[in-house]
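# Reading the structure
As a plain string of letters, each chain reads:
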Amino acid sequence: EKKSTEELIKEANKKRSTNPDACFSLLLFESAAVACPGRKVINIQADGSGLYSPQALWTQAKEGLDVITVICSNRKYNILNLELEKQKVTSASHAENLTNLSNPPINWVALAEGFGVRSSKATTVAEFDQQFKKAV
C-alpha cells in the first residue's frame, strides 16, 4: 500500500520521538528525508523561523539526510511583525528591536558548516542558480 507523504512524515516523526513546535520547518523537512529515503528534499526556509530549530541542520549532517536547505535571509522575524500588528504595538523602535536580525547579523554559512552541513552563500540570482544546480 502506497502511503501519502503526510503519513510518511508522521511515521518519521514518531520514529524520531520529536515533537516540533509552531516553527518547525527545518524539522519537517528533516522528517520528510527520513520518511522518503532516496528522494532529495528541498526546503526553502525563512531566516527567522529557521532560528527556532537550527539543530535540525546537525541532524541532517549526522544522519546523512539528502536535504537541500535554502535560507532566505531578510534579517527579520516577520512572523513576529504580524503578531505585533495584531496586538497594535505602535512603538516602531521597540518593534524593530524585537524583530530585527541584522544586529548582529546571522552568518548562516558559518552556522550550517558548524553543524557539519556543506554550505554556500548567494547574493545574486545568477549565484543562486549556479549553487542550486550544483546542490541538486
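In case you missed it, the structure is sitting above this.
The following paragraphs examine the structure supplied in this document.

Here is what the cut-offs are and how they apply
Residues numbered from 1 in each chain as written. Predicted model: local features only at pLDDT ≥ 70, side-chain atom pairs only at ≥ 80, totals over all residues. Heavy atoms only, no water. Salt bridge = Lys/Arg side-chain N within 4 Å of Asp/Glu carboxyl O. Helix = DSSP H or I, 4+ residues; strand = E, 2+ residues; numbered from the N terminus. Buried < 20%, exposed > 50% of the residue type's maximum accessible area, 1.4 Å probe, protein only.

### What about the pattern of salt bridges?
Throughout the structure, instances matching the rule amount to three salt bridges. Where Lys-40 meets Asp-66, a salt bridge forms, and the shortest distance between an N and an O atom there is 2.8 Å. Of this pair, Lys-40 sits in the loop between helix H2 (25-35) and strand E1 (41-46) while Asp-66 sits in the loop between helix H4 (55-63) and strand E2 (67-72); the two residues are 26 residues apart in sequence, bridging distant segments of the chain. For Asp-66, a relative accessible area of 35% puts it in the partly exposed group. For Lys-133, the salt bridge is made with Asp-129, and the minimal N-O distance between the two is 3.3 Å. A residue pair is termed a helical-turn pair when its members lie 3 or 4 positions apart in one helix, as Lys-133 and Asp-129 do in helix H8 (residues 125-135) at four residues.

### A look at the environment of Glu-30
Turning to its location among the elements, Glu-30 is positioned in helix H2. Considering only alpha carbons, one finds Glu-30 and Ile-68, 38 residues apart in sequence, at a separation of 9.9 Å.

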